[in-house]
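One-letter residues, chain by chain:
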Amino acid sequence: MELMEPTEPIEPIEINWTEAIFSVLREWRVRQVAYVPDAGHSELIRRCDGAAGMRLVPLTTEEEGIALLAGAWLGGQRGVLLMQSSGVGNCINMLSLARVCRFPLLTLVTMRGQWGEFNPWQVPMGQLTPKVLEAADNLVFSVDDPGRMGQTMAAAARMVFEGPAQAAVLIGQSVIGAKSFGK
Amino acid sequence: MADPTNDAMTDAMNGTLDRTRAADYPLRRREVVAALLADRGDMLVVAGLGAPVWDCTAVADHPLNFPLWGAMGGAAVMGLGLAMAQPDRRVLVITGDGEMLMGLGALSTIGAQRPDNLAIVVCDNERYGETGMQLTHTAGSLDLPAMALAAGFESAAGISSDNEFKAALPAIRSAHGPAFWCIKIRAENSPIGAMPPKDGVTLKDRFRAALLGAA
C-alpha cells in the first residue's frame with residue numbers, strides 16, 4: 001500500500017481581513033506601498049493598485065523597502081512595506097537605518113513556516129522571524145485570528161506613525177490559510 | 001629568487017580587475033562633488049555611505065543633505081522614495097561604486113517607477129575606499145550606466161574627463177529622470193575633514209524641518 005500525504009489545504013476562516021488592513025492604510029493616508037509579493041498579500045496588493053493617492057512600488061529585495069520608506073518620510077509621505085517572512089532575514093542591516101534615525105516603519109509580514117507549513121525549507125526563517133524582528137528592536141504584533149486584524153493594524157499604525165516606531169504585523173498562516181503542495 | 005607564484009596568485013584573486021588604471025584618472029572626487037553641489041538651489045541630496053558623505057560635507061553641512069553613516073546599498077532607493085514624495089524638487093543621490101554595487105536591484109526598482117526628478121551620480125574610484133582600497137567590480141569591465149539603461153533609466157552615461165563632466169553638469173541638474181551618471185574618479189584617499197552630525201534623529205529632523213517646515 002502506498003503511503004499518501006494528506007493534500008487538502010487548511011482553509012482560513014472566511015473574514016475580509018484584507019479590507020481591514022486596507023482601511024487602516026487609508027485612514028493614515030499611506031502613499032507608498034512597497035512590496036516583495038507573497039500569495040498572502042496578493043489581494044491587498046490588488047486592492048492598493050489604482051487606489052487614489054497610493055503608489056505601488058515593487059522591490060527586488062525587501063531591504064530596499066526600508067530605505068525607500070525612509071526617503072518617503074523625509075519627503076513627507078507615509079508608507080508601508082509588505083513581505084513574506086523569508087524576506088525578514090534580508091532586512092537586518094537596513095533595519096539599523098530605521099532604528100537609528102527613528103524613521104516610522106510599518107511592515108506587514110505574511111508568515112510561512114509557522115503553522116501547518118508543507119515546505120520544510122520555509123520553517124527555519126519562519127520560526128526566526130519574530131525573534132529577528134525583536135532583536136532588531138521592532139515592535140511585533142502577531143495576528144492569528146482574522147477577526148483581530150483591524151484592531152491590531154490600528155494599534156500598530158498608531159505606534160509607528162505617532163511614535164515614531166518600527167513595528168511588524170505578522171499575519172499568521174491560520175489567517176492566510178496554510179497552503180499545501182500545488183495549491 | 002623571485003617567488004614565481006606571487007603574481008599568478010594575485011591575478012587569480014583579482015580576476016580580470018585592473019589594479020592600476022584608476023590611479024591616473026584625471027577627475028578628483030572633491031572637485032567633482034564641489035561642482036555638483038555649487039549653486040544647488042533647493043535640490044535635495046542623499047549621500048551614500050563612505051567618502052561621498054565626507055565629500056558632500058566638505059562643501060557644506062547642509063540641512064537638505066541626508067548623509068548615510070550606514071545602510072550600505074540603500075542610497076539610490078532612498079532617493080527614489082524621496083523623489084516620489086517630492087516630485088517638484090530635484091533629488092540628487094551622490095554615492096560610490098561599492099555602495100551602488102551592494103544594492104544593484106535598486107536600479108531595477110527605480111527603472112520601474114521612472115521618477116522624472118531623480119538623478120544618481122556614482123563617484124567611481126573602482127575601490128572600497130573606507131576599508132583599505134580593495135578593488136570593486138568596476139575595476140573590471142562592469143558597466144554601471146549600461147546596467148542603469150537596461151533597467152529602464154531615461155538616460156545614463158559614463159564620464160571620465162573634465163570636459164565631459166563640465167558638459168554634463170547642466171543635465172545632472174535638470175535632465176528628465178531617472179538619470180544616471182558614473183564619474184570615473186582618481187583612486188586616492190582624501191582627508192575626511194568636516195563630518196556631518198552622526199545622530200540620525202538630528203539628520204532626519206533637520207531635513208524635514210528645512211523641507212516641510214516645523215513639525
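Conventions used here
Residues numbered from 1 in each chain as written. Chains lettered and ligands numbered in written order. Predicted model: local features only at pLDDT ≥ 70, side-chain atom pairs only at ≥ 80, totals over all residues. Helix = DSSP H or I, 4+ residues; strand = E, 2+ residues; numbered from the N terminus. Rg over C-alpha atoms; globule rule 2.2 N^0.38 Å. Buried ≥ 20, exposed ≤ 12 C-beta atoms within 10 Å, placed from the backbone. Pairing = 2+ DSSP bridges. Axes fitted to C-alpha atoms, helices over the stretch in contact; angles between N-to-C directions. Contact = placed C-beta atoms within 7 Å.

A. The arrangement of the overall build of chain B in detail. Within chain B, the regular secondary structure consists of 9 helices and 8 strands. Against the compact-globule benchmark of 17 Å for 215 residues, chain B has a radius of gyration of 18 Å, which places it among compact chains. Expressed as lengths along the three principal axes of its C-alpha atoms, the size of chain B is roughly 70 × 35 × 30 Å. When the 215 residues of chain B are sorted by exposure, 45% land in the buried category.

B. Geometry of the sheet that holds strand β6 (residues 166-171) of chain A. Residue and element names in this part refer to chain A. The parallel open sheet is built from 6 strands, whose spatial order is β2-β1-β3-β4-β6-β5. Bordering the open sheet on either side are β2 (55-58) and β5 (139-143), each of which pairs with just one other strand. Direction aside, neighbouring strands of the sheet carry axes that sit 20° apart on average. Pairing between strand β1 (residues 30-35) and strand β3 (residues 78-84): 5 bridges, direction parallel. Looking at β3, one finds that Gln32 is bridged to Gly79.

C. Just the sheet that holds strand β1 (residues 44-47) of chain B, in detail. All names here are of chain B. Taken together, the 6 strands give an open sheet; going across it, the order is β2-β1-β3-β4-β8-β7, and neighbouring strands pair in parallel fashion. Strands at the two margins of the open sheet, each flanked by one partner only, are β2 (65-67) and β7 (155-159). For this sheet, the mean inter-axis angle between neighbouring strands, taken without regard to orientation, is 15°. Note: strand β4 (residues 118-124) against strand β8 (residues 179-184), 6 bridges, orientation parallel. Looking across to β8, one finds that Ile120 is bridged to Phe180. Contacting β3 (91-96), β4 and β8, helix α2 (residues 29-37) runs over the sheet at an angle of about 165° to β4. Across the sheet, helix α4 (residues 75-85) lies against β1, β3 and β4, angled at about 175° from β3, the strand it touches most.

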